[in-house]
Amino acid sequence: LAYFLFQRCDTCRWWDGGDMRAFDVAATKFVRNMRAAGVDMRVVFDGMVHPLKHDTVLGRLRDNARRMDSYLAQMRARKGVQLGHSGFVLPFGAVECLAEALQREGVPCRRALYEADGELAQEFQEWRDKGAVGVLSNDSDFICMRVPLMPLNEMRLEATTFTAVVYDPKAVAENIGIGEH
C-alpha cells in the first residue's frame, strides 16, 4: 500500500527523500475516500525479514541501490531534469508515515512478525463471514492461499465510489487449468 500510494502522490518527490507531509495528506485522503465508499480497511505491514529470505531481501536492496545510483547519474547527465517515477525507490520513513496516518484515522493496523501475507490471509478468513470481499494488494501469493485478490493497480477510487477487479482463487485455477488444491 505504501508503494502504491507514494507512487501516485504527484507532490511527494521520492527522488530527494520524499515529502512526508504530502504523503501523509495523500494517505489520509485515500483512507477517507475508502470510508466514504463504504470500504472497511484493516492493514497488516510486513515485519522483520525471515532468516530464510534474508539473501533475497538483500538482493532487492542491492538492486534498489543500483537503480538509485543509475537514476542520479541520469539526472546529472540531464542537468537535474527529474525522471518522474522511473526507477522508483520508496523513501525511508514512508511506511511509518503511512502507519501513523492510518492509526490517526482509526484504521486497525499492525506489523506482522515476518512477512504479512500469511497473517493477512488468516485475517481475511476471519472476516469473510462479516462481508470481507478480498485482499487489496498487488501480491498474487494470496490466490495461492485461497484468498480473493483485488489488485491495487486495478482498483478505482473516486470520492465515494470504489470499484475493483476480484480474482477468485477457484476461478483462477479453473481458467489456467489446474486443480484448486
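Refer to the structure printed above.
This text gives an overview of the structure that appears in the document.

Cut-offs used in this document
Position labels on residues start from 1 in each chain and follow its written sequence. Totals for whole chains, interfaces and linings use all residues, but because this is a predicted model, local features are given only for residues with pLDDT of at least 70 and pairs of side-chain atoms are given and counted only at 80 or more. Each side-chain value is derived from all of the structure's non-hydrogen atoms; neither hydrogens nor water enter the calculation. For this document, the term salt bridge refers to a Lys or Arg side-chain nitrogen within 4 Å of an Asp or Glu carboxyl oxygen. With a 1.4 Å probe rolled over the protein chains alone, any residue whose accessible area is under 20% of its type maximum counts as buried; one over 50% counts as exposed, and the rest are partly exposed. Secondary structure elements are taken from DSSP: a helix is a run of H or I of four residues or more, a strand is a run of E of two residues or more, and numbering for both begins at the N terminus. Note on contacts: a residue pair is in contact if any heavy atoms of the two residues lie within 4.5 Å. Among the buried residues, those of types Ala, Val, Leu, Ile, Met, Phe, Trp, Tyr and Cys that are joined through side-chain atoms within 4.5 Å form a nonpolar core.

1. Brief notes about the pattern of salt bridges
Turning to step 1, where the next piece is worked out: Tallying each qualifying case throughout the model produces 5 salt bridges.
Turning to step 2, where the next piece is worked out: A salt bridge links arginine 42 to aspartate 40; its shortest N-O distance comes to 3.0 Å.
Turning to step 3, where the next piece is worked out: Note on aspartate 40: relative accessible area 56%, which makes it exposed.

2. Comments concerning helix α4 (residues 94-104)
Turning to step 1, where the next piece is worked out: Looking at α4, one finds that the buried residues are Ala94, Cys97, Leu98, Ala99, Ala101 and Leu102.
Turning to step 2, where the next piece is worked out: Close packing links the buried residues of α4 with α1 (2-7), α2 (20-36), β1 (43-45) and β2 (109-111).
Turning to step 3, where the next piece is worked out: Positioned one or two residues after α4, glycine 106 has a phi angle of 80°, which is positive.

3. Quick notes on unusual backbone geometry
Excluding glycine, most residues fall at negative phi; most peptide bonds, likewise, are trans.
Turning to step 1, where the next piece is worked out: Of note, the phi angle at arginine 146 is positive, near 65°, even though the residue is not glycine.
Turning to step 2, where the next piece is worked out: Take arginine 146: it is sitting in the loop between α6 (141-144) and β4 (149-150).
Turning to step 3, where the next piece is worked out: On the accessibility criterion, arginine 146 (40% relative accessible area) is partly exposed.

4. Things to note about the nonpolar core
Turning to step 1, where the next piece is worked out: With 26 residues, the main nonpolar core has Leu5, Phe23, Met41, Val43, Phe45, Leu98 and Leu102 as its most contacted residues.
Turning to step 2, where the next piece is worked out: Listing elements by their share of this core, those giving two or more residues are α1, α2, β1 and α4.
Turning to step 3, where the next piece is worked out: Among residues more than four places away in sequence, those in contact with methionine 41 are Leu1, Phe30, Met34, Leu102, Val107 and Pro108.
Turning to step 4, where the next piece is worked out: Core analysis: the next-biggest nonpolar cluster, separate from the first, contains 11 residues, Leu120, Ala121, Val147 and Leu149 among them.

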